[in-house]
Amino acid sequence: KISKYFLEILIVSNDSNLILEDKNIRIIKDCKDGYLGPLIGVLSAMKYANKKNKYNWVITFPCDTPFFDETIIESMIQKTSSKKEKIFLIKDKKQRHNIFGTWSTTLEKILEQDINNSFRKVDLWTNKIGCSYIERDIKNENEFLNINTIEDLELAEKIYSKK
């Protein structure tokens, strides 16, 4: 879904066995050792984006949530023209989806300092910094299905086979 919208896709993964043959996809490791949660992935992406002033924003998607509507991508891209807000998260009527985020790379130093001071939870950090929302009226109950278990995978396979 996202390859239609971005010239470069970054996968932050510490899996050394991960191999891709797509020249538009780059795999990088977390910028800090140990599993420190998704914020470290955001920081790693920011560091990559800021290298040589490559990008002013990073847009993040969880790799285990395949059924989201593509219009989310367009909404997220539109937010990169913001001069005031620095973080946008997707939110539906029930909850916010913290890994579906649009992040200004100007936050890199603040995020790194906060991670060094034990911030680990995306919701706590984005609340501290302040975030805006991209409101979604979810019509597909499985749009944000997170595939974490065998049962989730079986449900995803059923959903996918109906498409």
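Predicted model, so just to flag it, every value in this text is computed and none were measured. (Residues numbered from 1 in each chain as written. Predicted model: local features only at pLDDT ≥ 70, side-chain atom pairs only at ≥ 80, totals over all residues. Heavy atoms only, no water.)

Asks: Account for a nonpolar patch on the surface, with residues named and values stated.
Replies: On the surface, Leu18, Leu20 and Ile27 cluster together into a nonpolar patch covering about 200 Å² of accessible area. Examined against the element boundaries, Ile27 turns out to sit in strand E2 (residues 25–28). (Patch = residues over 30% accessible without salt bridge, like charges linked within 9 Å, V, L, I, M, F, W, Y side chains within 5 Å. Areas by Shrake-Rupley, 256 points an atom, 1.4 Å probe, with all protein chains shown as cover. Salt bridge = Lys/Arg side-chain N within 4 Å of Asp/Glu carboxyl O. Helix = DSSP H or I, 4+ residues; strand = E, 2+ residues; numbered from the N terminus.)

Asks: Give a description of the sheet that holds strand E3 (residues 57–60) that names residues and reports values.
Replies: Reading across from one edge, E3-E5-E4-E6 is the order of the 4 strands in this open sheet, with mixed pairing throughout. Strands at the two margins of the open sheet, each flanked by one partner only, are E3 and strand E6 (132–135). Within this sheet the neighbouring strands show an average axis-to-axis angle of 25 degrees, counted without direction. Direction of pairing for E3 relative to strand E5 (residues 96–104): antiparallel, over a ladder of 4 bridges. Note on E5: the bridge partner recorded for Thr60 is Gly101. Running over the sheet, helix H2 (residues 71–78) touches E3, strand E4 (87–91), E5 and E6 and is turned about 35 degrees from E5. (Pairing = 2+ DSSP bridges. Axes fitted to C-alpha atoms, helices over the stretch in contact; angles between N-to-C directions. Contact = heavy atoms within 4.5 Å.)

Asks: Explain helix H1 (residues 38–50) residue by residue, including any values.
Replies: In an α-helix, one turn spans 3.6 residues; hence positions three or four apart end up facing the same way. With 13 residues, H1 extends 18 Å from end C-alpha to end C-alpha; this agrees with the ideal 18 Å at 1.5 Å per step. Burial analysis of H1 places 10 of its 13 residues in the buried class, the great majority of the element. For H1, the elements touching its buried residues are strand E1 (9–12), E2, E3, E5, helix H3 (108–116) and helix H4 (122–129). One or two steps after H1, the chain reaches Lys52, where phi turns positive at roughly 60 degrees. (Expected span 1.5 Å × (residues − 1). Buried < 20%, exposed > 50% of the residue type's maximum accessible area, 1.4 Å probe, protein only.)

Asks: Give me the lowdown on the pattern of salt bridges, citing residues and values where you can.
Replies: Taken as a whole and assessed by the stated rule, the structure comprises 10 salt bridges. With a shortest N-O distance of 3.5 Å, Glu112 and Lys32 are connected by a salt bridge. You can see Glu112 sitting in helix H3 and its partner Lys32 sitting in the loop between E2 and H1, a full 80 residues away along the chain. For Glu112, a relative accessible area of 17% translates into the label buried. For Glu108, the salt bridge is made with Lys109, and the minimal N-O distance between the two is 3.9 Å. Given a relative accessible area of 60%, Lys109 falls into the exposed group. Connected through shared salt-bridge partners, Lys32, Lys47, Glu108, Lys109 and Glu112 make up one network.

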